[in-house]
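Breakdown of the fold
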Amino acid sequence: MARMTMIEAVRDAMDVSMGQDPSVVVFGEDVGYFGGVFRATQGLQEKYGRDRCFDAPISESGIVGAAIGMAANGLRPCVEIQFADYMYPAYDQITQEAARIRYRSNGDFTCPITIRMPTGGGIFGGQTHSQSPEALFTHVSGLKVVIPSNPYDAKGLLISAIEDPDPVIFMEPKRLYNGPFDGHHDRPVTPWSKHDAGEVPAGRYAIPLGKAAKVREGSGLTLLTYGTMVHVALAAAAETGVDAEILDLRTLLPLDLDAIVESVNKTGRCVILHEATLTSGFGGELAALVAQHCFYRLEAPIRRVAGWDTPYPHAQEWAYFPGPARVGQAMLETMEG
Amino acid sequence: MSELHRSSLSLHVPEPEVRPGGSPDFSNVVIPRAGEAPRPEPDARAEDIRKLAFTIIRVLNREGEAVGPWAGSLTDEQLKAGLRHMLLLRAFDSRMVIAQRQGKTSFYIQNLGEEAIACAFRKALGPGDMNFPTYRQAGLLIAGDYPLVTMMNQIYSNAGDPLKGRQLPIMYSTRENGFFTISGNLATQYPQAVGWAMASAIKKDDKIAAAWIGDGSTAESDFHAGLVFASTYKAPVILNVVNNQWAISTFQGVARGGAGTFAARGLGFGIPSLRVDGNDYLAVHAVASWAVERARRNLGPTLIEHVTYRAGAHSTSDDPSAYRPKGESDAWPLGDPVIRLKNHLIAKGLWSEERHVQLAAETMDEVMSAQKEAESLGTLHSGDRPSSRDMFEGVYAEMPPHLRRQRQEAGV
Ligand SMILES: Cc1ncc(C[n+]2csc(CCOP(=O)(O)OP(=O)(O)O)c2C)c(N)n1
Ligand SMILES: [Mg+2]
């Protein structure tokens with residue numbers, strides 16, 4: 001066991017995977033010699049050689065397209081898109097190609113690739129370093145979508161993603177890389193070294209895709225969330241005193257519907273939280289499922305808290321970010337009716 | 001029969017000559033003598049001037065003299081103004097890097113070592129022409145006399161920010177100054193510039209466009225899309241590639257691949273393509289003027305590769321000592337654009353070391369007084385700022401009801 005940051009945990013997952021399986025290759029912009037702009041691949045080129053960890057030209061469509069070709073020829077690429085905001089040139093390759101290789105060839109070809117990308121805001125990165133495009137992936141049949149909220153999960157989920165027989169989008173909340181940011185931007189963040197979930201076992205372990213984690217047991221309401229917002233929700237529960245049951249979904253697709261239904265049926269109330277914009281966000285999907293499966297148990301309208309429907313602004317970052325105050329208010333309203 | 005050639009394959013991954021710990025080595029960079037490259041007629045065909053895509057067009061020689069057929073595009077006064085613009089930009093950069101370190105803004109990108117390119121290019125354009133820049137062409141604004149205070153207001157996201165705090169620092173936008181709104185998504189501006197130029201042709205206007213991109217970003221599909229549109233429609237556009245040797249940590253070889261040069265990319269599209277010494281203010285201006293003439297005479301696009309060196313970090317978030325050797329910038333064989341233009345003016349008897357020191361001080365004063373004024377309107381975390389209300393404006397021409405509701409909910 002060692003205490004790790006989320007970056008170290010992600011790196012460790014790739015290290016373990018490359019060590020046990022020679023077909024795992026890692027590439028992307030700046031990931032080779034330099035080890036990535038967030039240093040997630042630091043040391044991997046030195047350890048595994050230039051033909052297993054290397055720099056790619058700045059071409060996201062090329063990165064994903066090449067990964068698809070490699071996968072068709074027996075490799076298991078784990079590629080990095082430098083920021084989720086830069087996946088758009090690869091969107092065609094991801095959604096029209098990777099997602100459907102198995103289906104359209106009836107399993108003749110498959111696409112076991114992992115596409116890592118830092119996601120979310122909170123770093124004053126403006127509209128092109130802050131986006132949360134997960135719903136653009138969950139809307140596509142054939143992709144799996146994973147968003148961890150701590151180092152322990154990040155390692156176990158990334159190992160599962162790399163070992164998965166199908167394409168997995170692995171979104172890393174960059175605001176969590178160094179510690180469990182809870183939305184209080186004016187306070188220092190506790191580093192992962194002081195947090196239990198920073199405890200990461202050595203070697204291989206896998207967390208199955210499609211299993212939510214209950215991060216807070218409660219009876220007042222159920223709060224469904226993932227990524228950075230898990231920590232914001234915990235802070236909001238502590239500050240409002242609402243006895244929330246908080247589910248960290250961890251994978252959006254496949255989704256742990258059983259855990260969701262069980263919890264909402266117990267509490268009878270539901271708040272959904274994500275940083276991505278509200279309209280057509282993943283929260284809409286969750287709300288529909290909860291309405292369908294828990295309708296007769298609901299005692300209050302389902303509420304969604306999300307980023308406003310604007311591009312992610314620079315200076316107004318904290319007015320945009322759905323912080324603990326907004327989340328707390330939604331919790332209180334949901335408790336009232 | 002192919003049995004003979006079957007052996008196990010291996011992957012080629014390009015690497016720069018030297019990494020940290022080594023001594024800088026540019027011995028493989030061939031620097032042709034100044035004045036050597038011919039100056040073709042602007043209606044030359046791409047295939048007839050292929051060589052210009054593989055050499056480096058240079059005007060200033062080591063003695064600071066302007067030599068060869070590309071010399072003579074600028075008057076003495078214009079040369080002095082050029083020096084002033086470059087010094088202003090350098091002073092601006094140095095103050096803004098410090099301001100970022102002091103927490104007055106979140107981010108900054110400097111132009112160090114590349115000042116000649118945008119500053120000289122701007123002077124070859126006319127009123128109404130449009131640039132589609134990257135984040136490293138602030139020289140277009142400075143040489144276009146755009147107010148320094150306004151630039152700083154944008155960098156500080158303060159109450160005077162024309163973009164209302166919405167955009168990352170240095171992502172300027174000013175139609176009036178021929179500067180298209182900058183995107184953080186690389187290369188998207190390339191086909192847009194071509195479209196702007198095509199519109200000019202469709203409207204039978206006489207304005208032209210200039211596209212800008214870095215060496216690393218030429219790997220994006222949009223670069224190639226821009227070239228094919230420019231080639232097909234013979235659009236009045238200048239396709240600039242600023243080859244400053246580095247993307248972030250990746251050297252230019254990763255994007256260039258097996259091609260000899262970035263300029264050579266244009267040849268495959270039948271676009272006249274030239275390489276120019278990007279640290280030579282006179283050469284940049286001369287080549288830009290040649291390309292501008294081609295575009296104005298409806299002769300079509302030109303690709304210009306500006307050969308230079310990124311002397312500073314990629315951005316304030318970057319530390320180049322992790323991936324390139326110390327002193328590489330000093331070893332760069334094309335020198336410093338400011339010093340080279342200064343030496344030229346001195347060689348011409350128009351300038352002196354004393355006047356240079358004085359001008360450097362004056363430009364720094366100008367920047368500092370602009371900074372004072374900008375800071376009186378606030379900085380990122382203190383003083384006056386755009387309101388949270390501004391965040392909801394301008395998503396659409398008219399705010400749809402759902403946004404109005406959200407604004408209300410936000411209480412702003
Ligand atoms: C689509 C996209 N991919 C990746 C990035 C991240 N990124 C920003 S600048 C940069 C390097 C660009 O290098 P180059 O084109 O050579 O321009 P320079 O910075 O040298 O001027 C990268 C990879 C981005 N902004 N957009
Ligand atoms: Mg570059």
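About the cut-offs
Residues numbered from 1 in each chain as written. Chains lettered and ligands numbered in written order. Predicted model: local features only at pLDDT ≥ 70, side-chain atom pairs only at ≥ 80, totals over all residues. Heavy atoms only, no water. Salt bridge = Lys/Arg side-chain N within 4 Å of Asp/Glu carboxyl O. Helix = DSSP H or I, 4+ residues; strand = E, 2+ residues; numbered from the N terminus. Buried < 20%, exposed > 50% of the residue type's maximum accessible area, 1.4 Å probe, protein only. Contact = heavy atoms within 4.5 Å. Pairing = 2+ DSSP bridges. Axes fitted to C-alpha atoms, helices over the stretch in contact; angles between N-to-C directions. Parallel < 35°, antiparallel > 145°, perpendicular 65-115°, else oblique. Left-handed = near helix turned anticlockwise from the far one by under 90°. Nonpolar A, V, L, I, M, F, W, Y, C, P; charged D, E, K, R; others polar. Near = heavy atom within 4 Å. Polar contact = N/O pair within 3.5 Å; in protein donor to acceptor, adjacent residues only side chain to side chain. Areas by Shrake-Rupley, 256 points an atom, 1.4 Å probe, with all protein chains shown as cover.

Topic: the pattern of salt bridges
A full pass over the atoms with the stated rule returns 40 salt bridges over all chains. Residue glutamate 199 of chain A is joined to arginine 3 of chain A by a salt bridge in which the shortest nitrogen-to-oxygen separation is 2.7 Å. Residue glutamate 199 of chain A is found in strand E8 (residues 199-200), and its partner arginine 3 of chain A is found in strand E1 (residues 2-3); the two are separated by 196 residues along the sequence. The shortest N-O distance in the salt bridge between glutamate 366 of chain B and arginine 84 of chain B comes to 2.6 Å. With a gap of 282 residues between them, glutamate 366 of chain B in helix H12 (residues 353-376) and arginine 84 of chain B in helix H1 (residues 76-101) connect regions that are remote in the sequence. In this structure glutamate 366 of chain B comes out as partly exposed when scored by relative accessible area, which is 33%. Within the structure, one salt-bridge network assembled from shared partners comprises Lys214, Glu217, Glu245 and Lys266 of chain A.

Observations concerning the environment of alanine 210 of chain B
All names here are of chain B. With respect to the element layout, alanine 210 can be found in strand E2 (residues 209-214). Separated by 77 residues in sequence, alanine 210 and proline 133 have C-alpha atoms that sit 8.0 Å apart. Not counting the four nearest positions on each side in its chain, alanine 210 is found in contact with Phe121, Met130, Asn131, Phe132, Ala193, Val237, Ile238 and Asn240.

Considering the pairing of strand E5 (residues 114-119) of chain A
Residue and element names in this part refer to chain A. Among the 6 residues of E5, 6 are classified as buried, and the element is accordingly described as predominantly covered. The two faces of E5 match: Thr114, Arg116 and Pro118 on one face and Ile115, Met117 and Thr119 on the other face are all buried. Pairing geometry for strand E4 (residues 76-80) and E5, over 3 bridges, is parallel. Residue cysteine 78 lies in a different strand from E5, and its bridge partner there is threonine 114.

Describing the sheet that holds strand E10 (residues 221-225) of chain A
Backbone-to-backbone hydrogen bonds join strands into a sheet, with any given pair of strands oriented parallel or antiparallel. Residues and elements named next belong to chain A. Ordered in space as E9-E11-E10-E13-E14, the 5 strands form an open sheet in which the pairing is mixed. Every interior strand has two partners, whereas the edge strands, strand E9 (213-216) and strand E14 (303-307), have only one. For this sheet, the mean inter-axis angle between neighbouring strands, taken without regard to orientation, is 25°. Together, E10, strand E11 (244-248), strand E13 (270-277) and E14 form the strand contacts of helix H12 (residues 324-336), whose direction differs from that of E14 by roughly 170°.

Considering the packing of helix H9 (residues 257-267) of chain A against helix H10 (residues 282-294) of chain A
Residue and element names in this part refer to chain A. Axis separation between H9 and H10 bottoms out at 10 Å; the angle between their running directions is 60°. Between H9 and H10, the interaxial angle falls into the category oblique. Classified by chirality, the crossing of H10 by H9 is right-handed. Here Leu257, Ile260, Val261, Val264 and Asn265 of H9 come into contact with H10, specifically with Leu286, Leu289, Val290, His293 and Cys294. Residues belonging to the contact of H9 with H10 are distributed by class as follows: 8 nonpolar, 2 polar and no charged.

A few points about the site of ligand 1
Taken together, 20 residues sit near ligand 1, with Glu60 of chain A together with Tyr135, Arg136, Gly184 and Ser217 of chain B positioned nearest. A distance of 2.6 Å is found between an oxygen atom of ligand 1 and a side-chain nitrogen or oxygen belonging to tyrosine 135 of chain B. Residue arginine 136 of chain B places a side-chain N or O atom 2.7 Å away from an oxygen atom belonging to ligand 1. When isolated, ligand 1 has an accessible area of 590 Å², and the protein chains bury 96% of it.

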